[in-house]
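What follows is each chain in one-letter form.
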Amino acid sequence: MTSVTLKRSGSGQRPVGGLRADARRNREAVIAAAKKLFADQGLDAQMPDVARAAKVGVGTVYRHFPTKDDLVAAMAAERFERLAEQGRESLEAEDAWEGIADFIRFSAQIQADDRGLCEVMGSRPEVMEGAARQAGLPELCEQLVKRAQRSGELRQDLDWEDIPMIACGLGRITQATMGPASGRWPRLVEIILDGLRAPGSGKLPSAL
């Protein structure tokens, strides 16, 4: 957990540049409620519904998130910060291959656990890209790839840009609720990981 500098005010202490504890709790409650509502209703969910579910006034919702797009952006930021946290942990793994493999598994699991949010975020690709960059995911993916390649366990012709593409593809599969793909995504993850192992059984085509 990142430490924060505290300063004293007339009503107590609060983090510099941060929210009061009650405001922070309200914000977190709004995001949690929005996740559930968007999972059920998609973008049809309305801000007053979010306020009722979070047990706060609608003014509180709009104070933190002036528009629905702002709320979606906040949920995206939280999602990608969780991915970034896992990426940093994976870089500290003793085994470089297991580090990148665990990151890919986590990426698939986090999407499988929240299909509704995936669908909402999928309709806002520019928001997803911005949140990913803000969280530092491109740099983390590049570091994970290079580290595993140096260990000799990851195929050398893999580019770091392939990792987000793999994660996005797996995200679509994890959302399948019927048909042959339903419930089979963990098997697909392991098949993909096997294909990423060095040296690779075939040459990858060049990126366009």
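Our subject in this report is the structure included herewith.

Calculation rules
- Residues numbered from 1 in each chain as written.
- Predicted model: local features only at pLDDT ≥ 70, side-chain atom pairs only at ≥ 80, totals over all residues.
- Heavy atoms only, no water.
- Helix = DSSP H or I, 4+ residues; strand = E, 2+ residues; numbered from the N terminus.
- Buried < 20%, exposed > 50% of the residue type's maximum accessible area, 1.4 Å probe, protein only.
- Contact = heavy atoms within 4.5 Å.
- Areas by Shrake-Rupley, 256 points an atom, 1.4 Å probe, with all protein chains shown as cover.
- Core = buried A, V, L, I, M, F, W, Y, C linked by side-chain atoms within 4.5 Å.
- 1 Å grid on protein atoms, 1.4 Å probe; cavity = no way out; pocket = protein on both sides within 12 Å on 5 of 7 lines; lining within 4 Å.
- Points joined across faces, edges and corners; volume = space filled by probe spheres on them.
- Nonpolar A, V, L, I, M, F, W, Y, C, P; charged D, E, K, R; others polar.
- Axes fitted to C-alpha atoms, helices over the stretch in contact; angles between N-to-C directions.
- Parallel < 35°, antiparallel > 145°, perpendicular 65-115°, else oblique.
- Left-handed = near helix turned anticlockwise from the far one by under 90°.

Turning our attention to the overall build of the protein chain. Helix and strand counts for the protein chain come out as 10 helices and 2 strands. For the protein chain, buried positions account for 37% of its 208 residues. Partitioning the contacts of the protein chain with sequence separation of at least 6, the portion at a separation of at least 24 is 66%. For the protein chain, the exposed surface amounts to about 12,400 Å²; the carbon and sulfur share of it is 51%.

This part takes up the environment of Glu-98. Checked against the element boundaries, Glu-98 lands in helix 5 (residues 96–112). On the basis of relative accessible area, Glu-98 is assigned to the partly exposed category, the value being 32%. Considered as a pair, Glu-98 and Ala-148 are 50 residues apart in the sequence and their alpha carbons are 8.7 Å apart.

Ile-100, Ile-104, Leu-137, Leu-154, Ile-163 and Leu-196 are the most contacted members of the largest nonpolar core, which has 32 residues in total. Taken together, the elements giving at least two residues each to this core come down to helix 4 (68–91), helix 5, helix 7 (125–134), helix 8 (137–150), helix 9 (162–174) and helix 10 (185–196). Non-local contacts of Leu-137, meaning those with residues more than four positions away in its chain, are made with Phe-80, Leu-83, Ala-84, Phe-103 and Ala-132. Core analysis: the next-biggest nonpolar cluster, separate from the first, contains 20 residues, Val-30, Ala-45, Met-75 and Val-120 among them.

Turning to the layout of surface pockets, a few remarks are in order. Taken as a whole, the largest pocket spans an internal volume of roughly 750 Å³. Of all elements in the fold, only helix 4, helix 5, helix 6 (115–122), helix 7, helix 8 and helix 9 reach the threshold of two or more residues within the lining of the largest pocket. Here the lining of the largest pocket takes 7 residues from helix 9, the largest share from any one element. Taken together, the residues that form the lining of the largest pocket break down as 18 nonpolar, 5 polar and 5 charged.

Put simply, Ala-198 and Pro-199 share a cis peptide bond, and its omega is 5 degrees. Relative to the helices and strands, Pro-199 resides in the segment after helix 10. Despite not being glycine, Lys-55 shows a phi value in the positive range, around 60 degrees. Examined against the element boundaries, Lys-55 turns out to sit in the loop between helix 2 (47–54) and helix 3 (58–64). Among the residues examined, Lys-55 registers a relative accessible area of 73% and is labelled exposed.

This next bit is on the packing of helix 1 (residues 21–41) against helix 2. The N-to-C vectors of helix 1 and helix 2 enclose an angle of 120 degrees; their axes lie 8 Å apart at closest approach. It follows that helix 1 is oblique to helix 2 by the angle criterion. In this structure, helix 1 crosses over helix 2, and the sense of that crossing is right-handed. Contact with helix 1, carried on its side by Ala-29, Val-30, Ala-33, Ala-34, Leu-37, Phe-38 and Gln-41, involves Asp-49, Val-50, Ala-53 and Ala-54 of helix 2 and no other residues of that element. By residue class, the composition of the contact of helix 1 with helix 2 is 9 nonpolar, 1 polar and 1 charged.

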